[in-house]
Amino acid sequence: MLKLERQQKILEILNEEQKVIATDLSQRLAVSEDTIRRDLKELDNKGLIKRVHSGALRIGPPVVDFTTRQHVMNEVKMDLAKKALEFIRDGMVLLIDGGTTNLHLVNQLPLTLKATVVTNSPPIANALMNHHDIEVIMIGGTLFKESMVTLGIDTVEALTNLRADLYVMGIHKIDPNIGISVPSLAEAAVKRKMVSISNEVLGMVTSDKLNTFSNHIVSPLNVLTYLITDTIQPEITRLYESQQITVIND
């Protein structure tokens, strides 16, 4: 087996099994452990996996900018947003941060909805322009263009005197053991603050983000009240439900 074929096979195994052990891969692919370690190092350097002491972990979809993500998995995101609508009622104070799936949700909110939406996402605030019965509170700060959200000390402080009925959290990566994580330290801090001021937390997650992680931990998984995702294996559903989360999927 050529190196590129072997590395592709490793990626396929990781995508299905979420993690791999170097000694096990060595046996399955009939090559030495040193060869496997070199493969894992190369794949890690390319940002395709997360290498750990005994093997490697799947890291999920690559981090790309907001504009690019707007054109990825739109039908799936729209279906997740439709499921989330049932948790939104008149009179609620909704906290909605950045994310293309969150934007799909906001675009589907009824024009008759009477609510308050607090957000640090300019695209989400703009999408509510024609919702005359929704009061929009835009949280300021420094614009993080990759995610199109405001971040920083000013953002955290502005949230201090607010209380939300429901926080719709944009989720980058999520793992039952590691928790919810993002690439940016500043974004992790803002999300933690948003969790702390909310009665319930809802996350909409495409299944390619499940069992993946990034560099900065937002919180343990069990801060979520509801997890809405597309079709996943029953054992993975049970893994998330074991942390007292209501999982909604196809």
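Residues numbered from 1 in each chain as written. Predicted model: local features only at pLDDT ≥ 70, side-chain atom pairs only at ≥ 80, totals over all residues. Heavy atoms only, no water.

Asks: Explanation requested: the packing of aromatic side chains in the structure shown.
Replies: How two aromatic rings sit relative to each other is set out by the distance from centre to centre and by the angle between their planes. All chains considered together, the criterion is met by 1 aromatic pair. Measuring from centroid to centroid gives 4.3 Å for F87 and Y226, while their planes differ by 35°, and the two rings are tilted. One end of the pair, F87, is in the loop between helix 5 (74-84) and strand 4 (93-96); the other, Y226, is in strand 14 (residues 226-229), with 139 residues separating them in the sequence. Y226 matches F87 in its accessibility class, with the two residues each being buried. (Phe/Tyr/Trp six-rings, centres within 6.5 Å; stacked < 30°, edge-to-face > 60°. Helix = DSSP H or I, 4+ residues; strand = E, 2+ residues; numbered from the N terminus. Buried < 20%, exposed > 50% of the residue type's maximum accessible area, 1.4 Å probe, protein only.)

Asks: Where do I start with the sheet that holds strand 13 (residues 216-219) in this structure?
Replies: Within a beta sheet, neighbouring strands are joined by backbone hydrogen bonds and run either parallel or antiparallel to one another. With respect to topology, 3 strands assemble into an open sheet ordered 10-11-13, the strand pairing being antiparallel. Pairing within the sheet leaves two strands with one partner each, and these edge strands are strand 10 (173-175) and strand 13. For this sheet, the mean angle separating the axes of adjacent strands, direction not counted, is 35°. Bridge analysis of strand 11 (residues 179-182) against strand 13 gives 3 bridges, and the strand direction is antiparallel. Each residue of the ladder has a partner; that of I180, found in strand 13, is S219. Along the sheet, helix 9 (residues 185-196) contacts strand 11 and strand 13; its crossing angle with strand 13, the most-contacted strand, is approximately 5°. (Pairing = 2+ DSSP bridges. Axes fitted to C-alpha atoms, helices over the stretch in contact; angles between N-to-C directions. Contact = heavy atoms within 4.5 Å.)

Asks: What should I look at first to understand the environment of M92 in this one?
Replies: As for its placement among the helices and strands, M92 is situated in the loop between helix 5 and strand 4. Separated by 128 residues in sequence, M92 and P220 have C-alpha atoms that sit 25 Å apart. When near neighbours in sequence (up to four residues on either side) are disregarded, M92 contacts F87, K114, A115, T116, D165 and L166.

Asks: Would you explain the pattern of salt bridges in this entry?
Replies: Two side chains carrying opposite charge are able to pair once their charged atoms lie near each other. Scanning the model with the defined rule gives 6 salt bridges in all. Of the charged contacts, one joins E42 and K3 as a salt bridge, the two residues approaching to 3.4 Å between their closest N and O atoms. Of this pair, E42 sits in helix 3 (residues 33-45) while K3 sits in helix 1 (residues 3-17), and the two are 39 residues apart along the sequence. According to the relative accessible area criterion, E42 is partly exposed, its value standing at 27%. Among the ionic pairs, D24 bridges to R28, the shortest N-O distance being 3.1 Å. Placement of the pair is D24 and R28 together in helix 2 (residues 22-29), with a separation of 4 residues, close to one helical turn. Residue class for D24 comes out partly exposed when judged on its relative accessible area of 32%. (Salt bridge = Lys/Arg side-chain N within 4 Å of Asp/Glu carboxyl O.)

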